Amino acid sequence: MKTVDVLIKNGIIIDGTGKERFKGNISIKDGKIIDIMAVETLVEAKEVIDANWKVIAPGFIDSHTHSDLMLLWDRQHSAGLHQGITTEILGQDGLSYAPLSSSNLQMYYKFLAGLNGSPDIPLDWSTVSEFRMKFDGTVAINTAYQVPHGALRLETLGMRDLPLVGKNMEAAKAILDEGLKSGAVAFSTGLSYYPCSYSDTDEMVELCKVVAENNSVYVTHIRTVFRDQQIDPVLESIEIAERSGAKLHFSHYRTNIPKAGKVQEIMKDIDKAYQRGVDITLELYPYPSGSGYAVIWLPLWCMEGGFEALMERLANPLLRSKLIKGIEQNTIPCGGYFTHLPKNSQYIGRSFWDVANERGQTVPDMLCDLLLEESLQVGYHDSSPAIFENLDQWGPFNQDCLELLSRPYYMVGSDSIPIGKNPHPRGFGTFPRLLRFCREYGFSLETMINRMTKVPADRFGLKDRGQLKVGYAGDIVIFDPEHVTDTATYQLSRSAPKGISYVLVNGEVAVREEKTTGIFAGRALKRG
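Here is a short report on the structure shown in this document. Note that the structure is a prediction, hence the values are computed from the model and not measured.

When helices and strands are tallied, the chain shows 18 helices and 20 strands. Against the 2.2 N^0.38 benchmark of 24 Å for 528 residues, the chain shows a C-alpha radius of gyration of 23 Å, consistent with a compact globule. Dimensions along the principal axes, computed over C-alpha positions, put the chain at roughly 80 × 50 × 45 Å. When contacts within the chain are restricted to residue pairs at least 6 apart in sequence, long-range pairs at least 24 apart make up 76% of them. Within the structure as shown, the chain displays about 19200 Å² of accessible surface, and the carbon and sulfur contribution to it stands at 48%. When the 55 basic and 65 acidic side-chain charges of the chain are each reduced to a single mean position, those positions are 2 Å apart.

What follows is the structure in structure tokens.
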């Protein structure tokens, strides 16, 4: 009689390929799927899981998260596991921590604390390989990593508004090449964030030539803080891909409440590029608002020199009017609701306008003071009263998400920022929310699971993930399609979903009957 580690029986298998579901049983041994059977056969198993005719699917791949540091602190990562996520792709928006020298790592750790947190962990790596291995066998989920644009600039030019050319460009390209060859699955940038914002189109083209040489992917948070008000950020991204030959991936690209029903409008240039052969993929999360860290509103000039220099400028009363003017001139209107303020937690959940009125300040002046008081640890989400109050407007937006996900090159990325008392609910509800949409809007569950699994696995070269297939890793989620749902809201975001009963990571049971088990079976994956 065959002996296996785990037998999952009596399930409805949706294998990730997009093919129709079928009844079956799955055997796992040594972390791999060794058999998929239409009829239960005699095997001896250390653990038998009766799926009770629920759906068995590949573990979900979150193609966009910001858990780069917090995952090394909260290694169980229940927020992801409870959603059925078994793999997360880190290093997003050009904002991560390898490769960096010790001094740059210390500086960027403080500079990005409003986004990625400031957990008490040793900052004892410098290379991409060393950082990737921090997650290997030490956390509950698998991870993949992208070389961040910000690190290339910091290691060559520092936090300075200078063109990346000549010897510095050659050095940056060599660092990028080494990172991609060390297992990174892509190259990421966030052209609204620092120091990435100091770049121009030609710089990105030159760097992306290295991406193309490595048959890798250019992942972009498009430019919303402009050097040149005439730049179209979508066309700029397409130009970078076409001139360099790199594969292109757009982060969190979707409509919102004001643009609900305008999918064709936001996709027109992307569709044209796709039709003429540009290799494009995109991702989305099913919420109409975003989230981030408040440094984004400060003008470019005040960032030069990094964390300490910025703190000095915020504290200088002679510069305050110049800072406020820069905030007011930013192409992104300054506003939202606070999610993360370690020293001023009484403001969490309140709007910028309410807090400014209470303090007797303008919003820009209040923001400068809070950034100074909090050492830049100010997080927010950009919801509006309309999002809270007019939930009937969400229907067209939800349908837009499904229309976009019907395209074969779309995938799902939560854009989770797992810090603060009440962060954006997308970090706790993205995947079950979309599974609920399948039920409520009649969207194909086979298609949705394909977008959550095989599409990102293929895009980022995760060769043995994203499908239920013999020889593939035992990354598996079991859920009830009739009852799975998200419970996280803007007002109460740290609320776990319901209806996802089991999650396995590399054949180990990480969630059993909707409770995490404490197993740390995650591996550091590479493009392969």
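All chains considered together, the criterion is met by 20 aromatic pairs. A ring pair is formed by tyrosine 274 and tyrosine 409, whose centres lie 4.4 Å apart and whose planes are at 45 degrees; its orientation type is tilted. Here tyrosine 274, found in helix H9 (residues 263-275), pairs with tyrosine 409, found in the loop between helix H15 (394-405) and strand E16 (410-412); they are 135 residues apart in sequence, far enough to count as distant. By relative accessible area, which is 37% here, tyrosine 274 ends up partly exposed. Ring centres of phenylalanine 338 and phenylalanine 352 lie 4.4 Å apart, and the angle between their planes is 20 degrees; on these two criteria the pair is classed as stacked. With a gap of 14 residues between them, phenylalanine 338 in strand E14 (residues 337-340) and phenylalanine 352 in helix H12 (residues 352-359) connect regions that are remote in the sequence. For phenylalanine 352, a relative accessible area of 0% corresponds to the buried category. One aromatic cluster is present, formed by Trp125, Phe131, Phe135 and Tyr145 through successive ring pairs. Lysine 322 extends its terminal NZ or CZ atom over the ring of tryptophan 301, reaching a point 4.3 Å from the ring centre. Just above the ring of tyrosine 285 sits the side chain of arginine 426; from NZ or CZ to the centre is 4.7 Å.

Our next topic: empty space enclosed by the protein. Tallied over the entire structure, the rule returns two cavities of 30 Å³ or more. As a volume, the largest cavity reaches approximately 50 Å³. As for the largest cavity, its lining consists of Pro58, Gly59, Ile61, Thr86, Thr87, Asp464, Arg465, Gly466, Gln467, Ala473 and Asp475. A per-class count over the lining of the largest cavity returns three nonpolar, five polar and three charged. A volume near 30 Å³ is recorded for the second largest cavity. Around the second largest cavity, the lining residues are Gly114, Ser291, Gly292, Thr339, His340, Gly379, Tyr380, Ile417, Ile419 and Pro423. Counting only elements with at least two residues in the lining of the second largest cavity, the list comes to strand E13 (291-293), E14 and strand E15 (379-381).

Let us look at the packing of helix H16 (residues 426-441) against helix H17 (residues 445-452). At a minimum axis distance of 9 Å, the contact between H16 and H17 shows a crossing angle of 160 degrees. Relative to H17, the element H16 lies roughly antiparallel. The interaxial crossing formed by H16 with H17 has right-handed handedness. Across from Phe431, Leu434, Leu435 and Cys438 in H16, the residues of H17 making contact are Leu445, Met448 and Met452. Within the contact of H16 with H17, the residues separate by chemical class into seven nonpolar, no polar and no charged.

With that settled, the discussion passes to the environment of aspartate 365. Turning to its location among the elements, aspartate 365 is positioned in helix H13 (residues 363-373). It is 47 Å that separates the C-alpha atoms of aspartate 365 and glutamine 275, two residues lying 90 residues apart in sequence. Dropping the residues within four chain positions of it, aspartate 365 is found in contact with Arg320 and Ile324. In this structure the side chain of aspartate 365 is engaged in a polar contact, spanning 2.7 Å, whose partner is the side chain of arginine 320.

Another point: the pattern of salt bridges. Overall, the coordinates contain 29 salt bridges when judged by the stated rule. Salt-bridge contacts for lysine 454 lead to aspartate 458; the nearest nitrogen and oxygen are separated by 2.6 Å. Of the two residues, lysine 454 and aspartate 458 are both situated in helix H18 (residues 454-459); the distance of four residues between them amounts to about one turn of the helix. Judged by its relative accessible area of 47%, aspartate 458 is partly exposed.

Across the sheet, which stays open at both edges, the three strands sit in the order E13-E15-E14 with antiparallel pairing between neighbours. Two strands lie at the open edges of the sheet, namely E13 and E14, each paired on one side alone. For this sheet the average axis-to-axis angle between neighbouring strands, irrespective of direction, equals 35 degrees. Relative to E15, E13 is paired through three bridges, and the arrangement is antiparallel. Bridge assignment links glycine 292 to a residue of E15, and that residue is tyrosine 380.

Here the focus is the side chain of threonine 220. Following the sequence through the fold, threonine 220 ends up in strand E10 (residues 217-221). The class for threonine 220 is buried, based on a relative accessible area of 0%.

Once that is clear, we can look at the packing of helix H6 (residues 166-181) against helix H7 (residues 201-213). Viewed as axis vectors pointing N to C, H6 and H7 meet at an angle of 35 degrees, and their least axial separation amounts to 9 Å. Like other packed secondary-structure pairs, H6 and H7 cross with a definite hand, here right-handed. Contact residues: Met169, Ala172, Lys173, Leu176, Asp177 and Leu180 in H6; Glu203, Glu206, Leu207, Val210 and Val211 in H7.

The rules behind these values
Residues numbered from 1 in each chain as written. Predicted model: local features only at pLDDT ≥ 70, side-chain atom pairs only at ≥ 80, totals over all residues. Heavy atoms only, no water. Helix = DSSP H or I, 4+ residues; strand = E, 2+ residues; numbered from the N terminus. Rg over C-alpha atoms; globule rule 2.2 N^0.38 Å. Contact = heavy atoms within 4.5 Å. Areas by Shrake-Rupley, 256 points an atom, 1.4 Å probe, with all protein chains shown as cover. Lys, Arg positive; Asp, Glu negative; His and termini not counted. Charge placed at Lys NZ, Arg CZ, Asp CG, Glu CD. Phe/Tyr/Trp six-rings, centres within 6.5 Å; stacked < 30°, edge-to-face > 60°. Buried < 20%, exposed > 50% of the residue type's maximum accessible area, 1.4 Å probe, protein only. Lys NZ or Arg CZ within 6 Å of the ring centre and 35° of its normal. 1 Å grid on protein atoms, 1.4 Å probe; cavity = no way out; pocket = protein on both sides within 12 Å on 5 of 7 lines; lining within 4 Å. Points joined across faces, edges and corners; volume = space filled by probe spheres on them. Nonpolar A, V, L, I, M, F, W, Y, C, P; charged D, E, K, R; others polar. Axes fitted to C-alpha atoms, helices over the stretch in contact; angles between N-to-C directions. Parallel < 35°, antiparallel > 145°, perpendicular 65-115°, else oblique. Left-handed = near helix turned anticlockwise from the far one by under 90°. Polar contact = N/O pair within 3.5 Å; in protein donor to acceptor, adjacent residues only side chain to side chain. Salt bridge = Lys/Arg side-chain N within 4 Å of Asp/Glu carboxyl O. Pairing = 2+ DSSP bridges.

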